[in-house]
Amino acid sequence: MGFMDKILGEGPSGSTGDYIELDLDDFEAAPDETRVSVHIAEIGDQQDVISIKDAVYDGDIVIADITRLRTGDTTVERITDELQQVAREVNGDIVQKGDDQLIVTPTGVSISRTKLGRN
C-alpha cells in the first residue's frame, strides 16, 4: 500500500498501532496572546473617536486627551456620550479626569473613583 492509498482511504484502514498517544506535558505551552494594551489618544474632533472605539472593542484601555476640544462645544458632549455607550456595550468603564482626560476601559476593567496616596 502506497502513501497516496493511505491518504485517499484505499486499502485497509489504520489500526490502533498506527497512532501514538502524546503527553501534553511534553510540549511547551504557547505564550498567552491575550494582552491588554494602554493607548494614549488625542481627541480633536468626532473622527478621532473611531480609533478609540476600535481599541476598546479590541479589549484595550484608552486614555484620551480632550484639551483640544472646547468645553462649551456640543462636540464634547457628543463624543462623551458616544464613548459612554461603547463602555456600556463592552461592560467596561469610563471616567473623566479633570477637564482634560477621558479614560475608557474594556470588559473586566473598572476604574476606581478613589485616589491612592495621601487623603
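Residues numbered from 1 in each chain as written. Predicted model: local features only at pLDDT ≥ 70, side-chain atom pairs only at ≥ 80, totals over all residues. Heavy atoms only, no water.

With that settled, consider the layout of surface pockets. As a volume, the largest pocket reaches approximately 170 Å³. In this structure, the largest pocket is lined by Val-95, Gln-96, Lys-97, Gly-98, Ile-103, Ile-111, Ser-112, Arg-113, Thr-114 and Lys-115. Per-element accounting of the lining of the largest pocket gives the leading share, three residues, to strand β3 (residues 93–97). Partitioned by chemical class, the residues of the lining of the largest pocket number three nonpolar, four polar and three charged. (1 Å grid on protein atoms, 1.4 Å probe; cavity = no way out; pocket = protein on both sides within 12 Å on 5 of 7 lines; lining within 4 Å. Points joined across faces, edges and corners; volume = space filled by probe spheres on them. Helix = DSSP H or I, 4+ residues; strand = E, 2+ residues; numbered from the N terminus. Nonpolar A, V, L, I, M, F, W, Y, C, P; charged D, E, K, R; others polar.)

The terminal C-alpha atoms of helix α3 (residues 74–89), which comprises 16 residues, lie 23 Å apart, in line with the 22 Å expected from a rise of 1.5 Å per residue. Those residues of α3 lying buried are Thr-75, Val-76, Ile-79, Thr-80, Leu-83, Val-86 and Ala-87. For α3, the angular spread of the buried residues around the axis is 130°, confining them to a single face. Residues Glu-77 and Arg-88 are exposed on α3 and point more than 90 degrees away from its buried face. Considering only its buried residues, α3 is in contact with α2 (49–57), β3 and β4 (101–105). Positive backbone phi, at 60°, marks Asn-91, one or two positions downstream of α3. (Expected span 1.5 Å × (residues − 1). Buried < 20%, exposed > 50% of the residue type's maximum accessible area, 1.4 Å probe, protein only. Arc of directions from axis to C-beta. Contact = heavy atoms within 4.5 Å.)

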